[in-house]
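Tertiary structure, described
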Amino acid sequence: MTDLDEPIRSVVVVGGGIVGWSAAVALRRRVPGLAVTIVATDPPANALADRMAQTLPSTVGFHDDLGLREDDAVLRAGGTWRLGTLFEGWAEGLPGYVHAYGHYGQPFGTASFHHHWVRAAQVGSAAAFDEHSPAAVLARAGRIVPVGVEPEAPFAGMQPGLVLDVGRYRAMLAAFGRHLGVTVHDGEVAEVRLRGEDGFVEAVVLRDGSEIGGDLFVDAAGPAGIVRGRIDAVREDWSRWLRCDRLVQAEGAAAVPSPLDRVVAQEAGWQWTTSTPGGTVRGLCFASGLLAEDEARAQIAGDVVAFEQGTRPNAWARNCVAIGDAATVIEPLDWTNLHLAQSGIDRIVSMMPGRACHPLEIADYNRQAAAEVVRVRDFVLCHYATARRPEPFWQMSADLPASLTSTLALFAERGRLRFFEEETFARDDWLAVLLGQGFLPHRTDPLIGATPPDRSDAAMAGYRAAIARGISRFPTAADHHAAQMKRIAR
Amino acid sequence: METAERQRVVVVGGGTSGWMTAAALARLLPERCDVHLIESEAIGIIGVGEATLPHIRAFNERLGIVEADFMATTRATFKLGIEFRDWGRIGDSYIHPFGTFGRGTGDVQFHHYYARLLHAGVKLPPIEAFSMACTLARTNRFAPPATDARQIASTFGYAYQFDAVAFAPYLRRFAEALGARRSEGRIVDVDRDGESGDVNAVVLEDGRRIEGDLFVDCSGFAALLIGKALGEPFQDWSRWLPADRAVALPCRTETAVTPFTSAVAMPSGWRWRIPLQHRTGNGYVFASSFASEDIAADALTAAVEGTPLATPRVLKFTAGRRERAWAHNVVAIGLAGGFLEPLESTSLYLVQQGITALVELFPERRASSVDRDEFNRIVNMEYDRVRDFLILHYHATERDDSEFWNYVRTMPIPDSLAEKMELFRRRGRIVKYREGAFLDASWVSVYLGQRVMPSGYDPRATGPSIDSLVAGMEQMQAEIGAAVGAMPDHRSYLADYCPMPVAA
């Protein structure tokens, strides 16, 4: 047996947005005996993972792993739950569709549910695909499954995402971090010092001259990559596929709260509306080459933020790992920003190397991280690749990435979705978007032959009926929120 | 919607893979295809006593095969894992279990805690003491796993050891009852379309011409269609897996009917021991560049435990696979598509993965390249991952007692495997993937069983105190001991559950 690799004893997190604080809290909480210091600089406005309020269901799991209860992480921090997104105008001639979190249909007969649906759709006899999603139907009705309740079929197994009040959420994490013993420095990084012999990050020097050293540095300070970028600037640009590069958002007066965000395709981008009990946020994500900033501000009166979509193929180099926008910048379509950041944090926790940050351990981290990022990009891009609108913005010129091309080809051919390691979105998420946008396969699973079409139709109708019968039992988002606030006030 | 016309499927070859394919297609795609299998009794089948992986149970279940009936007919026994003897060093023995070490739950894998305690100087038994499957196997007991996931008795799976010569006829009856046709005859010619290169028909010795839309090549090493007719290149892996012969010799069972297969390292390869209800299968897989057939046959005859029931029989092979198992309208399943020695009982697993992929990607009259590419991606990935796992067994050794072991110990290995080994050596990390035959516990068992010890471990394993970990391990051993003690002897379980027909 060779000698034990020296363990990492101290970590410095740079960046005081929700990404940086999430990292500091998770590392302190989940890795025994680790000293964690945070340089809690405010993140820049274009650090999207630090700014976007909407999250995927994975954030709830992230909280669970930290031992954070939903009362504290969501309700007391001004957050609420969301069930999905309504997409409108993405495919000309088709009604809007909902991408909700949870299952679409239930398996029956000899093939997966969607093959039954596709077979019916091919002869024009299918109801909308999202009418077979309990979460989608519930969300369209403005209703929600109460927190802590595990309902019966068909409503079982739903996993809501969140809408955060980013400011209060950050304060909650910061308080938790201090409670756990995270050392906090305010101020900004003025200099990043590399060690002579191996180029490892030795210390960050703040504007006030204080030096903070550590074994491992986590760059959570936004897209500039002020720490990670000192090692190298290798970056993969995605702008030929994902052409949005500006975003503007503004808060408005409260409307009827909805567990469903609305995302409407526009001439040169897309607009969103999220209505929570706390208020309504509207935003516009667009391509600056095709829509002037003035015109965008005329729609949404806020500050326009510029960003460049792309990723660092090696988020981790030497003893420095980038997370959040320092690692990957992606438009917030389908709200993957915080998910990617938190997934990176989970991965740091579970793949913590020794102090030497051996290249093989780092390469294994980067391999997994890149696999995940690429598939999130593919999922976001598939919205565009299968959209149908006449404007120049919506015409795909560049060849799609090979991984998405093969996904779409296999799906178009026979309705099959290939399995990828580290995939974020499950089969039903892909189906919601692909089938919602009318991207139908030519053929279905050969195994479906054993189930006659009329049996499929009856089963689908029965399932829709079961959903329709059940929804009135659930409270509206507004009633639910009020009841929860009353409960925690007691 | 495109109409799904019925396809004429011609299965070439009637061994285990041929009849597994025919049975699965007839059962699962009755509206999509007519199955016609051609076999020649003159050629015979390779089957030597088959050890399987737990996946076979899903295959049987999907076909509607009743376990006890199948086991009685094929004189099968249960299998909880594979015992490897003399691999790391002469005298070593470990079991690769179908199951977990520890409970298999929690964020941090059991072996990280185990490694931490070893580093702290705590004296621990081999890791298999913390595996329900291994402990059950070592005590020659068996009962099906518990279904309640909280019980330690739920932490294992099982497979079968059965007589492959009896399995093919069993599947044949099954397939024929579902409408599969069978023709007897030797194929002498293959008729290909001049333009597309697709196979139109195969021609038999007596002049019969059998047409088809899709041809499944189950002709074994002969590879009549994929190799001889289409010339699909074969990737030769013998530089990593030099064994190219096996000599087989069944014998009477003298010792226990073990609920596990044994793989015993030999001077120029390894020897299998597969206990069935009526006899024990033995074979010596060796590299002909290091030992002659006579030497191998003598070594095997000397090593088998009971009276030999036949004369030694030699098989020849080359490790590797076709570049593409599906080319044109020919799908190779089984040995025609590739061969990996049965060290980890993967032969039927690979057949099964091929069949599953074919059923899911079953083509229309003109197969699209998308179907073929996806099939080949899946099948190639399975072969490549099994390959690395097999090479590990040879390479992770300290043996220097023969030319063969000196070669495999020092040979260059694929980068993909070298990285996996180094990550385990450094931090006990298992390179993670969700697809493939062998997952974390399999790799852990071989690494630790063959003396590849991690120098580090997951830092989260330092959370609990040493004392509490030691107490937890003791408790787990006690729990396993109690669960194992409540299970019956393997042989008596078989006698109750699936005794072979007396007349057999």
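Predicted, not measured: the structure shown is a model, and the values here were computed from it. (Residues numbered from 1 in each chain as written. Chains lettered and ligands numbered in written order. Predicted model: local features only at pLDDT ≥ 70, side-chain atom pairs only at ≥ 80, totals over all residues. Heavy atoms only, no water.)

**A short note on the sheet that holds strand S22 (residues 328-329) of chain A**
Operational definition: One requirement defines pairing of two strands: DSSP has to find at least two bridges between them. Note on conventions: DSSP H or I runs of at least 4 residues are helices, E runs of at least 2 residues are strands, and numbering of each starts at the N terminus.
Read across the sheet, 3 strands follow the order S13-S19-S22 (chain A) without closing on themselves; strand pairing throughout is antiparallel. Looking at which strands have only one partner, the edges of the open sheet turn out to be strand S13 (236-237) and S22 of chain A.

**A few points about the interface of chain A and chain B**
Rules: The contact criterion used is simple: two residues touch if any of their non-hydrogen atoms lie within 4.5 Å. Accessible surface is computed with a 1.4 Å probe, and the buried area is the amount of it that two parts give up when combined, taken over both parts together. Whenever Lys or Arg places a side-chain nitrogen within 4 Å of a carboxyl oxygen from Asp or Glu, that contact is recorded as a salt bridge. Think of a polar contact as two N or O atoms within 3.5 Å of one another; within protein, one of them needs to be a possible hydrogen donor and the other a possible acceptor, and neighboring residues in sequence only count if both atoms come from side chains. Gly falls in the polar group here, along with every residue not listed as nonpolar (Ala, Val, Leu, Ile, Met, Phe, Trp, Tyr, Cys, Pro) or charged (Asp, Glu, Lys, Arg).
Each partner contributes to the interface: chain A provides 39 residues, whereas chain B provides 43 residues. Carbon and sulfur atoms supply 54% of the area buried between chain A and chain B, which totals about 3700 Å² over both sides. The interface formed by chain A and chain B holds 10 salt bridges in total. At the junction of chain A and chain B, the tally comes to 12 residue pairs in polar contact (both at pLDDT 80 or more). Looking at the side of chain A that touches chain B, the elements that each hand over two or more residues are helix H5 (113-122), helix H9 (337-350), helix H10 (359-385) and helix H11 (402-414) of chain A. With 5 residues, H10(A) is the single largest residue contributor to the side of chain A that touches chain B. Residue composition of the side of chain A that touches chain B, by class: 16 nonpolar, 9 polar and 14 charged.

**Re the pairing of strand S16 (residues 269-276) of chain A**
Residue and element names in this part refer to chain A. Basically, it comes down to this: Each residue is assigned to one of three classes by its accessible area relative to the maximum for its type, calculated with a 1.4 Å probe on protein chains only: buried under 20%, partly exposed between the two thresholds, exposed over 50%.
Burial within S16 is extensive, with 8 of its 8 residues counted as buried. On S16, burial covers both faces: Gly269, Gln271, Thr273 and Ser275 on one face and Trp270, Trp272, Thr274 and Thr276 on the other are all buried. Examined bridge by bridge, strand S15 (residues 260-266) and S16 share 5 bridges and lie antiparallel to one another. Directly across from valine 264, in S16, lies its bridge partner glutamine 271. Joining the antiparallel neighbours S15 and S16 is a turn of 2 residues. Between the antiparallel neighbours S16 and strand S17 (residues 279-286) lie 2 residues.

**Overview of the pattern of salt bridges**
Tallied over the full model, the rule gives 69 salt bridges over all chains. Residues A:Asp364 and A:Arg367 are paired through a salt bridge, measuring 2.8 Å at the closest nitrogen-oxygen approach. Residue A:Asp364 and its partner A:Arg367 are both found in helix H10; the two are separated by 3 residues, about one turn of the helix. Between A:Asp378 and A:Arg377 there is a salt bridge, with the nearest N and O atoms lying 2.9 Å from each other. Relative accessible area serves as the criterion here: at 0%, A:Asp378 is assigned to the buried category. The exposure class assigned to A:Arg377 is buried, which follows from its relative accessible area of 4%. In the salt-bridge network here, residues are joined through shared partners; they are A:Glu361, A:Asp364, A:Arg367, B:Arg426, B:Arg427 and B:Arg429.

**Points about unusual backbone geometry**
A cis amide bond links A:Ala153 to the next residue, A:Pro154, at an omega of 0°. Looking at where A:Pro154 falls in the secondary structure, it is placed in the loop between helix H6 (134-140) and strand S7 (161-163). Not every positive phi belongs to a glycine, and B:Arg75 is a case in point at roughly 55°. Taking relative accessible area as the criterion, B:Arg75 reaches 16% and is therefore assigned buried.

**Thoughts on the confidence of the model for chain B**
We apply this condition: Think of pLDDT as the predictor's per-residue confidence, scored from 0 to 100.
In the predicted model, chain B carries a mean pLDDT of 94, and 97% of its residues have values of at least 70. The ipTM, which scores confidence in the relative placement of chains, is 0.91 for this predicted complex, and the corresponding pTM is 0.94.

**Thoughts on the sheet that holds strand S1 (residues 7-12) of chain B**
Residues and elements named next belong to chain B. So the rule is basically this: Geometry is summarised by axes, namely lines fitted to C-alpha atoms with helices restricted to the contacting stretch, and by angles between N-to-C directions that run from 0 to 180 degrees.
Read from one edge of the open sheet, 6 strands run S8-S2-S1-S12-S21-S20, paired in mixed fashion. Looking at the sheet topology across the chains shown, the edges are occupied by strand S8 (181-184) and strand S20 (326-327). Taken together, the 3 bridges between strand S12 (residues 214-217) and strand S21 (residues 330-332) define a ladder with parallel strand orientation. Bridged to aspartate 217 within S21 is alanine 332. This element, helix H1 (residues 16-28), spans S1, strand S2 (33-39), S8 and S12 of the sheet and lies at about 165° to S2.

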